[in-house]
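# Per-entry structural report
Residues per chain, in single letters:
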Amino acid sequence: MSRPRFPFIAKDVSALARSLQRELAACAMPLQLAGHGGRPTDDACGNPAHDATGSPTVGSAGDAACVPANAPGPVSPVSHVSHVQLLNMLVRAVGYRNFQHYRAQFAAQERLERLAAPQPANPEEPVDLRRVERAARHFGPDGLLARWPGKVSLQRLCLWWVWSRLPAGHELTGTQMDDALRACHHFGDHALLRRWLCDLGMTTRTPDGRQYRRVEQRPPQEALALLQHLRDRERHARLADRTRQAGHGVPAA
């Protein structure tokens, strides 16, 4: 059975104490009747005894005068209060009718919170690092695409790197597009790259083929991992080259 959390918030602790005392006194009433064979404990004047809060007391100084000598000893009302009764006392003290009323209110609140909670639009897909590693092998030491992969999954992944090398937010003529693609690879087939970019929706072109434009979008997680790996590899290569030049006394560019 689920156990709802109980937000025990009482702005007025004295009011809470009085409420619980009244509940316990009500539970003690039948016990006093059963134990004394009469009405609840009265004071010396025959009136029900009350404490400073105005609630009937479970026991008072007048009890000794009213209780027969052979009457059973004082019975603690708390020991005869069931678990459900205690729960009802607590929730009534903070404004609920009973514990079932509180459970219904709590369940409704949880359902409303789940409906109001924003759901992630596109949860991040897992990254296949082995595929990223295989795609990275198709790039040469200079960071350019050295050969065209044979597998379609790797081709798509490598195309994201080609896409990242195109200028963002700019129209390119056919010649400019071809020059940008030639600068990205070594295997000499810029037309293949151009066709794949257009077919996969990474770039757009006018019907006459004279204008091209990169489509701005977020690459998938694996493509982002590949781009980061290639940037890191290029940075490490530059640092190694500078270190080598410094060791030979050649000024760094």
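Look a little higher up for the structure.
The structure contained in this document is the topic of the report that follows. Note that the coordinates shown come from a computational prediction; the quantities given were computed from them, not determined experimentally. Within every chain, residues take consecutive numbers counted from 1 along the sequence as written. In keeping with the predicted nature of the model, local features appear solely for residues at pLDDT of at least 70, side-chain atom pairs appear and are counted solely at 80 or more, and the whole-chain, interface and lining totals rest on all residues. Working from all heavy atoms in the structure, the side-chain values ignore hydrogens and water.

### Some remarks on the overall build of the protein
The test is simple: Only DSSP runs of H or I covering at least 4 residues are called helices, and only runs of E covering at least 2 are called strands; the numbering of each starts at the N terminus. The buried label goes to any residue with under 20% of its type's maximum accessible area, the exposed label to any with over 50%, and the partly exposed label to all in between, with areas taken from a 1.4 Å probe on protein chains only. Contacts are residue-level and defined by heavy atoms, with any inter-residue pair within 4.5 Å sufficient.
For the protein, the count of helices and strands is nine helices and three strands. Secondary structure elements of the protein, listed N to C terminal, follow the sequence α-α-α-α-α-α-β-α-α-β-β-α. A total of 253 residues make up the protein; the buried ones form 27% of that total. Partitioning the contacts of the protein with sequence separation of at least 6, the portion at a separation of at least 24 is 57%.

### Points about the packing of helix 5 (residues 129–136) against helix 6 (residues 152–164)
Selection rule: Convention adopted: a line fitted to C-alpha atoms gives each axis, helices being fitted over their contacting stretch, and angles between N-to-C directions are expressed from 0 to 180 degrees. Angles are sorted into four bins: roughly parallel if under 35 degrees, roughly antiparallel if over 145, roughly perpendicular if 65 to 115, and oblique for all others.
Closest axis-to-axis distance for the helix 5/helix 6 pair is 10 Å, and the angle between their directions is 75°. The pairing of helix 5 with helix 6 is recorded here as roughly perpendicular in orientation. When helix 5 is examined against helix 6, the residues Arg131, Val132, Arg134 and Ala135 are found in contact with a partner set consisting of Ser153, Leu154, Leu157 and Cys158.

### What about the side chain of arginine 194?
Relative to the helices and strands, arginine 194 is located in helix 8 (residues 190–199). Those residues in contact with arginine 194, other than ones at most four positions away along the chain, are Met177, Asp178, Leu181 and Tyr212.

### Remarks on helix 6
Counted only if it meets this: One fewer than the residue count of a helix, multiplied by 1.5 Å, yields its expected span.
For helix 6, spanning 13 residues, the distance from its first C-alpha to its last is 19 Å, which sits close to the expected 18 Å at 1.5 Å a residue. Among the residues making up helix 6, those that are buried are Leu154, Gln155, Leu157, Cys158, Leu159, Trp160, Trp161, Val162 and Trp163.

### Structural notes on the sheet that holds strand 2 (residues 203–205)
For clarity, the threshold we go by: Strand pairing follows a simple DSSP-based rule, namely that at least 2 bridges must link the two strands.
The three strands lie next to each other as 1-3-2, forming an open sheet whose pairing is antiparallel. Looking at strand neighbours, the two that pair on one side only are strand 1 (171–173) and strand 2, the edges of this open sheet. Between one strand axis and the next, the sheet turns through 30° on average, direction left out of account. Most of the contacts of helix 7 (residues 174–182) go to strand 1, to which it runs at about 95°, and overall it touches strand 1, strand 2 and strand 3 (211–214).

### Re the nonpolar core
We count it as follows: To qualify as a nonpolar core, a set must consist of buried Ala, Val, Leu, Ile, Met, Phe, Trp, Tyr and Cys residues joined through side-chain atoms within 4.5 Å.
Ranked by internal contacts, the top residues of the largest apolar core, which has 30 residues, are Trp161, Leu197 and Leu226. When residues of this core are traced back to their parent elements, those giving at least two are helix 5, helix 6, helix 7, helix 8 and helix 9 (221–247). Among the elements that take part in this core, helix 6 stands out by supplying eight residues, more than any other. For leucine 197, the contacting residues outside a window of four places in its chain are Leu159, Val162, Trp163, Leu166, Met177, Leu181, Met202 and Thr203.

### Let's talk about the packing of aromatic side chains
Threshold: In this scheme Phe, Tyr and Trp rings, the latter by its six-membered ring, pair at centre separations within 6.5 Å, and the angle between planes marks the pair as stacked below 30 degrees, edge-to-face above 60, and tilted otherwise. Remark: a charge is flagged as sitting over a ring if the NZ atom of Lys or the CZ atom of Arg is within 6 Å of the ring centre and within 35 degrees of the ring normal.
All chains considered together, the criterion is met by six aromatic pairs. Aromatic pair tyrosine 96 and tyrosine 102: ring centres 5.1 Å apart, planes at 75°, arrangement edge-to-face. Arranged with centres 6.1 Å apart and planes meeting at 45°, the rings of tryptophan 148 and phenylalanine 187 form a pair that is tilted. A residue pair is termed long-range when its members are at least 10 positions apart, and tryptophan 148 in the loop between helix 5 and helix 6 and phenylalanine 187 in the loop between helix 7 and helix 8 qualify at 39 residues. A relative accessible area of 25% places phenylalanine 187 in the partly exposed class. Among the aromatic residues, those joined into a cluster by ring pairs are Tyr96, Phe99 and Tyr102. Arginine 214 extends its terminal NZ or CZ atom over the ring of tryptophan 163, reaching a point 4.0 Å from the ring centre.

### What about the packing of helix 6 against helix 8?
Packing of helix 6 against helix 8 brings their axes to within 11 Å, and their N-to-C directions diverge by 95°. Taken together, the axis directions place helix 6 and helix 8 in an arrangement best described as roughly perpendicular. Residue-level inspection shows Val152, Gln155, Leu159, Val162 and Trp163 of helix 6 in contact with helix 8, the latter providing Leu193, Trp196 and Leu197.

### Focus: the environment of glutamate 133
As for its position among the elements, glutamate 133 is in helix 5. Judged by relative accessible area, glutamate 133 falls into the partly exposed class, the value being 46%. C-alpha separation for the pair glutamate 133 and leucine 226, spaced 93 residues apart in sequence, amounts to 7.9 Å.

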